[in-house]
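One letter stands for each residue in the lines below.
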Amino acid sequence: MRRNYMSLLASMLFGLAGVFVACDDAPDFTSDSGAVLTFSTDTIKFDTVITTVGSSTRQLMAYNHNRKGLRIASVSLQKGYATPFRVNVDGSYLEPESGARAFDFEVWGGDSIRVFAEVTVPAKMQDEPFSLTDTLLFQLESGVTQRVILSAVGQDAYMWHGKIISADTTVQSVRPIVVYDSLVVARGATLTVSPGVRFFFHDNAVMKVYGTVLVNGTHDRPVVFRGDRTDNLFDYLPYDNTPSRWGGIMLDRDSYGNVFNYADIHSATFGIRCDSASTDELKLTLANSVLHNIGGEGLGLYHCKAEVRNTQVSNTLGHCVSVVGGWVEFLHCTLAQFYPWDAMRGDALYLSNEWMSVPYPMQHAHFLNCLVTGYGDDVVTGRFDDPDGLLDYCFSHCLLRTVETDDPRFVNVVYDLPETDGGGKEHFKRFDTDNFLYDFRLDSLSAARGVGSLQWAERCPVDYDGTDRLADEAPDAGCYEFVAQP
């Protein structure tokens, strides 16, 4: 029995020795100057960053593709105490207060470490954007120094927190205006917005108009309403190309005389929403404008009086345009429903004379020289209580993606039939669903060419880009006249 006990003890000791040998897998490190790190990028870039507002976080990977491990003696920011950048290397923060330096990192062979970077750009109180740079230095144990550039573009801005316009005000600004919570135009006040003004709305921030707003943009200097995220969701996709970055624009029932000329309204949760009002007075004039990439309804006209011309409303989760009763007229407009983020998108155009079981008389809904299309087989829909066929709506010289009809209120309409085309997108110049980039100017193959009436075009003789519609006998439907490329 003693012999068996000794044999068992010897076996255990031999096994433990094997375990210790097996666990002795400490990496072998090299100080060869030819063994270096490989980085996922040579430059960490921050696009336009609003001053005093921290940026999003960028990530850098540092790979050791060598068989042996590498020791990093230090990682530092070249500008040290003066750097606006904040960097974390493998859990160690490079604190500017201590010289923005950290020491002693190990990267095993075939392994990697993560680096995270942010920036807060100090204000310079100037209108034009400005650039900032620093260099991230990796000092290897071998004496080799490797570098990664950090760069940012800063932009000073005016910060409006719950801003209320209580008296007649004209806004002229080269810098962006960042809106937090809301921008309110009080009853009795008029806000006049000069060409080139840019409103950057923070998450869920909205514009509420109880008085009057006059947006006076130009083709070269439109007035922009957008979200305040200036960075990218992915490398190829800016947040500005995604919907629902901010709230939208609401025109109260007692708000009249509003004008949006050359307004660029995009990436909102909703575009412009007009509350029910008297149709004796013009509530909204929307001209030469674009409402695009919206996470709800693009333009909602609820029993009000509105004129819309030379305007594009496109890619909305809700209906591009909803007209519920009232008096509206659309002249040379492009309504394009190709919302890419959800298959349960609305229609390009929705018409109704009731809402939530409440009747709203449709006094006048005319669509003249318009292009209305989208992904669906029928994107012109409605809900009418019209047993006698007396409602005043009509489509004249339009291209419509809807079911053919012999209704006399459809005059010289060209039908965009789904069985004969490429899904509606063949009308347009650029349709990049991979990068969510669109240009709704007409392609040479579009059936919208020559559809329009000179009678209506004479009321709107130039298109959104200033191209003459009267240069030939047949203007095109929509807000863009076809222009042949050289």
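A quick note: this is a predicted structure, and the numbers were derived from the prediction, not measured. (Residues numbered from 1 in each chain as written. Predicted model: local features only at pLDDT ≥ 70, side-chain atom pairs only at ≥ 80, totals over all residues. Heavy atoms only, no water.)

## Notes on the overall build of the protein chain
Check the secondary structure of the protein chain and you find 2 helices and 44 strands. C-alpha atoms of the protein chain, sized along the principal axes, occupy 110 × 60 × 55 Å. Burial statistics for the protein chain: of 486 residues in total, 51% are counted as buried. Put simply, of all contacts in the protein chain between residues at least 6 apart along the chain, 61% involve residues at least 24 apart. Accessible area of the protein chain: about 22400 Å², with a carbon and sulfur share of 50%. (Helix = DSSP H or I, 4+ residues; strand = E, 2+ residues; numbered from the N terminus. Buried < 20%, exposed > 50% of the residue type's maximum accessible area, 1.4 Å probe, protein only. Contact = heavy atoms within 4.5 Å. Areas by Shrake-Rupley, 256 points an atom, 1.4 Å probe, with all protein chains shown as cover.)

## Observations regarding the packing of aromatic side chains
For the structure on display, the rule yields 26 aromatic pairs. Judged by centre distance (6.0 Å) and plane angle (80 degrees), the ring pair of Phe338 and Phe428 falls under edge-to-face. Separated by 90 residues along the polypeptide, Phe338 in the loop between strand E32 (334–337) and strand E33 (349–352) and Phe428 in strand E43 (residues 428–432) bring together distant segments of the chain. You can call Phe338 buried: its relative accessible area is 0%. Connected via pairs of aromatic rings, a cluster forms that spans Trp160, Phe199, Phe201, Phe225, Trp246 and Phe260. One cation-aromatic arrangement involves Lys305 over Trp327; the distance from NZ or CZ to the ring centre is 5.0 Å. (Phe/Tyr/Trp six-rings, centres within 6.5 Å; stacked < 30°, edge-to-face > 60°. Lys NZ or Arg CZ within 6 Å of the ring centre and 35° of its normal.)

## Looking at the sheet that holds strand E39 (residues 393–396)
Pairing is parallel in the open sheet, where 10 strands are placed in the order E12-E14-E17-E22-E25-E28-E31-E36-E39-E41. The sheet is open, and its two borders are formed by strand E12 (169–171) and strand E41 (410–411), each paired with just one other strand. As paired strands, strand E22 (residues 258–261) and strand E25 (residues 284–287) are joined by 4 bridges and run parallel to one another. The residue bridging Asn261 from the neighbouring strand is Ala287, located in E25. (Pairing = 2+ DSSP bridges.)

## Some points on the sheet that holds strand E2 (residues 43–50)
Strand pairs in the sheet, formed through backbone hydrogen bonds, run parallel or antiparallel to each other. Ordered in space as E2-E10-E9-E4-E7, the 5 strands form an open sheet in which the pairing is mixed. Sheet topology places E2 and strand E7 (101–107) at the edges, where each strand pairs with a single neighbour. Taken pair by pair, the neighbouring strands of this sheet meet at an average axis angle of 20 degrees, ignoring direction. Here E2 runs beside strand E10 (residues 145–155); their pairing, made up of 7 bridges, is parallel. The residue bridging Ile44 from the neighbouring strand is Leu150, located in E10. (Axes fitted to C-alpha atoms, helices over the stretch in contact; angles between N-to-C directions.)

## Re the nonpolar core
If you look at the biggest cluster of nonpolar residues, it comprises 64 residues, and the most contacted ones within it are Phe199, Phe225, Phe260, Ile272, Phe330 and Phe395. Ignoring anything within four residues of it in the chain, the contact list for Phe225 reads Phe199, Phe201, Met207, Val215, Trp246, Ile249, Phe260, Ala263, Asp264, Ile265 and His266. In this structure, Ala35, Phe39, Ala102 and Ala152 belong to the second largest nonpolar core, which totals 33 residues. (Core = buried A, V, L, I, M, F, W, Y, C linked by side-chain atoms within 4.5 Å.)

## A closer look at the side chain of Asp231
Inspection of the secondary structure puts Asp231 in the loop between strand E18 (223–227) and strand E19 (232–234). There is a polar contact of 2.7 Å between the side chain of Asp231 and the side chain of Ser56. Residues contacting Asp231, with those up to four places away along its chain left out, are Ser56, Arg58, Pro238 and Tyr239. (Polar contact = N/O pair within 3.5 Å; in protein donor to acceptor, adjacent residues only side chain to side chain.)

## Thoughts on the environment of Asp443
Structurally, Asp443 can be placed in the loop between strand E44 (437–442) and helix H2 (454–457). For Asp443, a relative accessible area of 23% translates into the label partly exposed. Contacts of Asp443, omitting those with residues within four sequence positions, involve Glu426, His427, Phe428, Lys429, Arg449 and Phe482. There is a polar contact of 2.9 Å between the side chain of Asp443 and the backbone nitrogen of Leu445.

## Here we look at the pairing of strand E29 (residues 312–316)
Here E29 lies mainly inside the structure; 5 of its 5 residues are buried. As paired elements, strand E26 (residues 290–294) and E29 share 4 bridges and run parallel to each other. Residue pairing for E29: Val290 is matched across the bridge by Gln312.

## Focus on unusual backbone geometry
At Ser244, a residue that is not glycine, the phi angle is positive and equals roughly 60 degrees. Along the polypeptide, Ser244 turns up in the loop between strand E20 (237–238) and strand E21 (249–251). Since its relative accessible area comes to 35%, Ser244 is described here as partly exposed. Positive phi, close to 50 degrees, is recorded for Asn412, a residue that is not glycine. Examined against the element boundaries, Asn412 turns out to sit in the loop between E41 and strand E42 (414–415).

## Some thoughts on the side chain of Asp240
Looking at where Asp240 falls in the secondary structure, it is placed in the loop between E20 and E21. A distance of 3.5 Å separates polar atoms of two side chains, one belonging to Asp240 and the other to Arg226. Contacts of Asp240, omitting those with residues within four sequence positions, involve Arg226, Arg229, His266 and Ser267.

## Some remarks on the pattern of salt bridges
All told, the structure shown has 16 salt bridges when counted by the stated rule. A salt bridge links Asp252 to Arg187, with the shortest nitrogen-to-oxygen separation between them at 3.1 Å. Here Asp252 is found in the loop between E21 and E22, whereas its partner Arg187 is found in the loop between strand E13 (177–185) and strand E14 (190–193), with 65 residues between them in sequence. Assessed through its relative accessible area of 52%, Arg187 is described here as exposed. (Salt bridge = Lys/Arg side-chain N within 4 Å of Asp/Glu carboxyl O.)

## Some points on the confidence of the model for the protein chain
Per-residue confidence for the protein chain gives a mean pLDDT of 92; residues scoring 70 or more make up 94%. Within the model, pLDDT remains below 50 along residues 1–10, and this stretch shows 0 contacts once partners closer than five positions in the same chain are excluded. In this model residues 16–23 is a low-confidence stretch, pLDDT under 50, and it forms 0 contacts with partners more than four residues away in sequence or in other chains. (pLDDT = per-residue confidence, 0-100.)

## Points about the state of the cysteines
Enumeration according to the criterion identifies 0 disulfides in this entry. You can see Cys333 has no disulfide; the closest cysteine sulfur is in Cys370, sitting 4.8 Å from it. Left unpaired, Cys398 is separated from the closest cysteine sulfur, that of Cys370, by 4.7 Å. Since its relative accessible area comes to 0%, Cys398 is described here as buried. (Disulfide = S-S within 2.5 Å.)

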